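Spelled out, the chains give:
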Amino acid sequence: MGRTRAKDTEHPQVRLDHGGIARIVPSEFTSGFELIVDDTPQSHVDLDDPTHLHFEYIVRMGAVIDQLAAGPLTAVHLGAGALTIPRYIDATRPGSRQQVIELEAPLATLVREHLPLPRGAAIRLRIGDAREGVRRLPPAIVGTCDLVVSDVYSGAQTPAHLTSIEFYRELAELLAPAGVLLVNVADGPGLAFARRQVATIAEVLPEIGVLADTQVLKGRRFGNLVIAASAAPLPTEWLPRMLAAGPHPAKIAQGAEVTAFVRGARVVTDADAVASPRPDASLFLR
């Protein structure tokens, strides 16, 4: 998933409020640039082709988004990164209205200066904590979102307060009746954290799909799982075939597979929430 990177100062970088360093570097393996935070790859962006999705879990998010009803979307994104998915939606669904909430103002400034958004993109970037930011969104957006994406990391971990049932209830209130929530979850062997996340989200939005590499979904190695959830049936008729075809082969677990996946997993509450597991540093070396 990653590689050894030189500790240089030749590329744009900034110190974040939490003390880490964010850098923008040319991708070593494809066109475009990567946003690196504390030596963890966070985002990939191809300014010449915003539809070019490189990271595997982002490809899977894009595949779900492509299944949503045709036309512009109303979307809320928690965690800006390099604004990969907002750029993708702007390119594939002109006229979409998007709100992005990012905690780190220095990171947002770095991205806007060195990876500028397309001219005319209706993407509003708000600075602040994701949970507090959701509460400060315009009232008119509540109940109207076609898509909400939660992809928030502090370094390499999702903060605990963004993993609870209380949090997901707040996100569900943003969704239109057929709106879809996408959550990026990183976990390792055994998938104890991911299982609790799926169980928690299913209590709020009962239509669930889990997208991941087969070995990750079986709990055999650390990786990303994308949870797609809705109050209405998910539009996934063609998704299994698309995921199996690549470019990063994966599968989607639904129905009985999800029931088996979460069996015995407890719902996460604000009182017992914990941050996602920290990946081993070797995960980003090769």
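Details of the structure are given in the entry above.
Residues numbered from 1 in each chain as written. Predicted model: local features only at pLDDT ≥ 70, side-chain atom pairs only at ≥ 80, totals over all residues. Heavy atoms only, no water.

**Quick look at the overall build of the protein**
Reasoning step 1: Tallying secondary structure elements over the protein gives 9 helices and 12 strands in all.
Reasoning step 2: Here the C-alpha atoms of the protein give a radius of gyration of 18 Å, agreeing with the 19 Å that 2.2 N^0.38 yields for 286 residues.
Reasoning step 3: Counting only C-alpha atoms and orienting by the principal axes, one finds that the protein spans roughly 50 × 40 × 40 Å.
Reasoning step 4: Within the protein, buried positions represent 55% of all 286 residues.
Reasoning step 5: Counting only contacts in the protein whose residues sit at least 6 apart along the sequence, the fraction spanning at least 24 positions is 69%.
Reasoning step 6: Of the roughly 12,500 Å² that the protein leaves accessible, carbon and sulfur atoms contribute 54%.
Reasoning step 7: Charge centroids of the protein, computed over 28 positive and 32 negative side chains, lie 3 Å from each other. (Helix = DSSP H or I, 4+ residues; strand = E, 2+ residues; numbered from the N terminus. Rg over C-alpha atoms; globule rule 2.2 N^0.38 Å. Buried < 20%, exposed > 50% of the residue type's maximum accessible area, 1.4 Å probe, protein only. Contact = heavy atoms within 4.5 Å. Areas by Shrake-Rupley, 256 points an atom, 1.4 Å probe, with all protein chains shown as cover. Lys, Arg positive; Asp, Glu negative; His and termini not counted. Charge placed at Lys NZ, Arg CZ, Asp CG, Glu CD.)

**Description of the packing of helix α1 (residues 56-67) against helix α2 (residues 84-92)**
Reasoning step 1: At a closest axis distance of 11 Å, the pairing of α1 and α2 adopts a crossing angle of 35°. Here α1 runs over α2; the crossing is right-handed. Here Ile-58, Met-61, Gly-62, Ile-65 and Asp-66 of α1 come into contact with α2, specifically with Thr-84, Ile-85, Tyr-88 and Ile-89.
Reasoning step 2: Classifying every residue of the contact of α1 with α2 gives 6 nonpolar, 2 polar and 1 charged. (Axes fitted to C-alpha atoms, helices over the stretch in contact; angles between N-to-C directions. Left-handed = near helix turned anticlockwise from the far one by under 90°. Nonpolar A, V, L, I, M, F, W, Y, C, P; charged D, E, K, R; others polar.)

**Here's the deal with the packing of aromatic side chains**
Reasoning step 1: Tallied over the entire structure, the rule returns 1 aromatic pair.
Reasoning step 2: Both rings, one in Phe-167 and one in Tyr-168, keep their centres 5.3 Å apart while their planes meet at 50°; by these two values the pair is tilted.
Reasoning step 3: Given the relative accessible area of 1%, Phe-167 is considered buried.
Reasoning step 4: Positioned above the aromatic ring of Phe-261, the side-chain terminus of Arg-195 is 4.6 Å from the ring centre. (Phe/Tyr/Trp six-rings, centres within 6.5 Å; stacked < 30°, edge-to-face > 60°. Lys NZ or Arg CZ within 6 Å of the ring centre and 35° of its normal.)

**Comments concerning the pattern of salt bridges**
Reasoning step 1: Under the counting rule described, the total for this entry stands at 10 salt bridges.
Reasoning step 2: Glu-132 serves as the salt-bridge partner of Arg-135, at 2.8 Å between the closest nitrogen and oxygen. One end of the pair is Arg-135 and the other is Glu-132, both in helix α4 (residues 130-135) and 3 residues apart, which spans about a single turn.
Reasoning step 3: On the basis of relative accessible area, Arg-135 is assigned to the partly exposed category, the value being 47%. (Salt bridge = Lys/Arg side-chain N within 4 Å of Asp/Glu carboxyl O.)

**What about the sheet that holds strand β7 (residues 123-127)?**
Reasoning step 1: What the 8 strands build is an open sheet, ordered β7-β6-β5-β8-β9-β11-β10-β12; its pairing is mixed. Strand pairing shows two members of the sheet lacking a second neighbour, β7 and β12 (251-254), which therefore form its edges. For this sheet, the mean inter-axis angle between neighbouring strands, taken without regard to orientation, is 15°.
Reasoning step 2: One ladder, built from 4 bridges, connects strand β5 (residues 74-78) with strand β8 (residues 145-150); its direction is parallel. (Pairing = 2+ DSSP bridges.)

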